[in-house]
Amino acid sequence: MSNFEDADTEETVTCLQMTVYHPGQLQRGVFQSIRFYNREKFSSIEVLKFGRNSNICHYTFQDKQVSRVQFALQPFKQVNSSVLSFEIKNMSKKTSLIVDNQELGYLNKIDLPYRCMVRFGEYQFLLEKEDGESVDSFETQLILSSRPLLQENNWPPQNPIPEDGGYSSYLTESISPTEMDENEL
Amino acid sequence: MSDVSRQSRISSMERSLTVLQVSLYHPTLGSAAFANVPRQLQHDISRLLVGRGQDAHLRLQLPQLSRHHLSLEPYLEKGHTLLAFCLKVLSRKSCVWVNGLPLRYLEQAPLSTTNRISFSGIQMAVHIEGGASLEAFVCSFHFSPSPLIYRPKAEETDEWENIFEEEPPQALGELTPGLLGSLHGSSQTQTAVSSQALEEDQK
């Protein structure tokens, strides 16, 4: 009890949550090396690398179409800010990295907003930052999505398309709950 | 194909490396602070770590330096073809002055073509000579016997040796010729150098 009462006050930690999806994730096992839902803590001076090479990358994809180092994430501080920000850099010579609607070529980098979609090839990542007090370290948590993260990929191809080109709301699937009259099903 | 023509074809295919001309100065330790610094260092496009630690790429022998004090990381600005460099502070304890601006832990700033950087008593001038290669870059080190960064009105300070720690280098005065001879002391010049760097890269 005395250790608890005397200990230094803990600081909350910034968490970068990454929800990932790949259309072949079940058949091809591209994410089999990743421990989903596990919170990992990193020093704020680290550079996190994502790619195919397990000797270099913190997170590895079992996919020969992925570059040895695909992209890198690292925290930094905006001048006079008290919280951590993150930047992402494309490390692939072959594949562009798309951050929301910005296309990054090789060695291009961009600051990440609190919430954004990152894509390369068929890979989709929804990145969301939750601020914490600590600037010395941060955490990551990868979550596997069973459904595509992009709206346009939510259209199931086997469903009939109306002649007028319009879509009824019940044909859409989104990752957030939507209001729906059960009689429409 | 003859050996000479084959060699010239190979040379023309190799891309020139970006060179960082780095001048270093310490007011009291002199070149002893830079005993572990080679004359030239070639590095890939990962970040270059500067500090006291064994794993630092540029190791400086100063006890007040952090093991990882700062990093220089290459990247490409969108639409540009020459490497740019970003300096990031990795030291929790010290401030790093970059072209007159103080940066603290985890703060970062892009480098201009010519830069004056000071931290923990060290003065570092960095001049970037762009090369086409995106695989690696080279640091070429020079050890200056005289200060690289001056305050224009030194007679106003009481303690000459502390001005670089406590106050920012506000302007450049007379400098070692060659590397920084084109700079003149004004804050507007700092902005002009940054703009010039962008213009040169876009040509």
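Just so you know, these numbers come straight off a predicted model, no measurement behind them.

(A) Expanded view of the packing of aromatic side chains. Within this structure, the stated rule accounts for 16 aromatic pairs over all chains. Look at Phe-85 of chain B and Phe-137 of chain B: their rings are 4.9 Å apart centre to centre, the planes differ by 75°, and that puts the pair in the edge-to-face class. Highlighted residues: Phe-85 of chain B in strand 6 (residues 84-89) and Phe-137 of chain B in strand 12 (residues 136-143), separated in sequence by 52 residues. The class of Phe-85 of chain B is buried, set by a relative accessible area of 0%. One aromatic cluster in this structure is built from Phe-31, Phe-36, Phe-50, Tyr-59, Phe-61, Phe-71, Phe-120, Tyr-123 and Phe-125 of chain A. The positively charged end of Lys-109 of chain A is found above the aromatic ring belonging to Tyr-75 of chain B, 4.3 Å away from the centroid.

(B) Up close: the interface of chain A and chain B. Across the boundary between the two partners, chain A contributes 24 residues, which contact 21 residues of chain B. Interface of chain A and chain B: buried area, both sides summed, is about 1,900 Å²; carbon and sulfur atoms make up 48% of it. Here chain A is connected to chain B by three salt bridges. A salt bridge links Lys-93 of chain A to Glu-135 of chain B, with the shortest nitrogen-to-oxygen separation between them at 2.8 Å. Run the count over chain A and chain B and you get 14 residue pairs in polar contact (both at pLDDT 80 or more). Mapped onto the side of chain A that touches chain B, the elements with two or more residues apiece are strand 5 (71-76), strand 6 (85-90) and strand 8 (102-104) of chain A. The biggest single contributor to the side of chain A that touches chain B is strand 5 of chain A, with three residues.

(C) Looking closely at the sheet that holds strand 9 (residues 108-110) of chain B. All names here are of chain B. Here we have five strands laid out as an open sheet, ordered 4-3-5-6-9, and mixed in their pairing. This sheet does not close on itself; its edge strands, each paired only once, are strand 4 (58-59) and strand 9. Pairing analysis gives two bridges linking strand 3 (residues 48-51) to strand 4, with the strands arranged parallel. What sits directly across from Val-50, in strand 4, is Leu-58.

(D) Examining the environment of Ser-91 of chain B more closely. Residues and elements named next belong to chain B. Of note, Ser-91 is situated in the loop between strand 6 and strand 7 (96-98). Along the backbone, Ser-91 and Leu-65 are 26 residues apart, and their C-alpha atoms lie at a distance of 8.1 Å. Once residues lying within four places of it in the same chain are set aside, the contact partners of Ser-91 are Ser-66, His-68, His-69 and Tyr-105. At a separation of 2.8 Å, a polar atom in the side chain of Ser-91 contacts the side chain of Ser-66. There is a polar contact of 3.1 Å between the side chain of Ser-91 and the backbone nitrogen of Ser-94.

(E) Broad picture of the pattern of salt bridges. This structure, assessed with the given rule, holds eight salt bridges over all chains. Glu-139 of chain A serves as the salt-bridge partner of Arg-39 of chain A, at 2.9 Å between the closest nitrogen and oxygen. With Arg-39 of chain A in strand 2 (residues 39-43) and Glu-139 of chain A in strand 12 (residues 137-144), this pair connects stretches of sequence that are 100 residues apart. Using a relative accessible area of 43% as the deciding quantity, one classes Arg-39 of chain A as partly exposed. Asp-136 of chain A is paired through a salt bridge with Arg-92 of chain B; the nearest N and O atoms lie 2.8 Å apart. Separated into two different chains, Asp-136 of chain A in the loop between strand 11 (123-130) and strand 12 and Arg-92 of chain B in the loop between strand 6 and strand 7 make up a pair that spans both.

(F) Just the confidence of the model for chain B, in detail. Residue and element names in this part refer to chain B. Taken as a whole, chain B shows an average pLDDT of 78; of its residues, 67% reach a score of 70 or greater. Scored below 50 in pLDDT, residues 5-12 shows two contacts in the model against residues more than four places distant or in partner chains. Note that pLDDT drops below 50 for residues 163-203; the model gives that stretch 71 contacts with residues more than four away or on any other chain. In the predicted assembly, ipTM is 0.78 and pTM is 0.76.

Cut-offs and rules
- Residues numbered from 1 in each chain as written.
- Chains lettered and ligands numbered in written order.
- Predicted model: local features only at pLDDT ≥ 70, side-chain atom pairs only at ≥ 80, totals over all residues.
- Heavy atoms only, no water.
- Phe/Tyr/Trp six-rings, centres within 6.5 Å; stacked < 30°, edge-to-face > 60°.
- Helix = DSSP H or I, 4+ residues; strand = E, 2+ residues; numbered from the N terminus.
- Buried < 20%, exposed > 50% of the residue type's maximum accessible area, 1.4 Å probe, protein only.
- Lys NZ or Arg CZ within 6 Å of the ring centre and 35° of its normal.
- Contact = heavy atoms within 4.5 Å.
- Buried area = accessible area lost by both parts, 1.4 Å probe.
- Salt bridge = Lys/Arg side-chain N within 4 Å of Asp/Glu carboxyl O.
- Polar contact = N/O pair within 3.5 Å; in protein donor to acceptor, adjacent residues only side chain to side chain.
- Pairing = 2+ DSSP bridges.
- pLDDT = per-residue confidence, 0-100.

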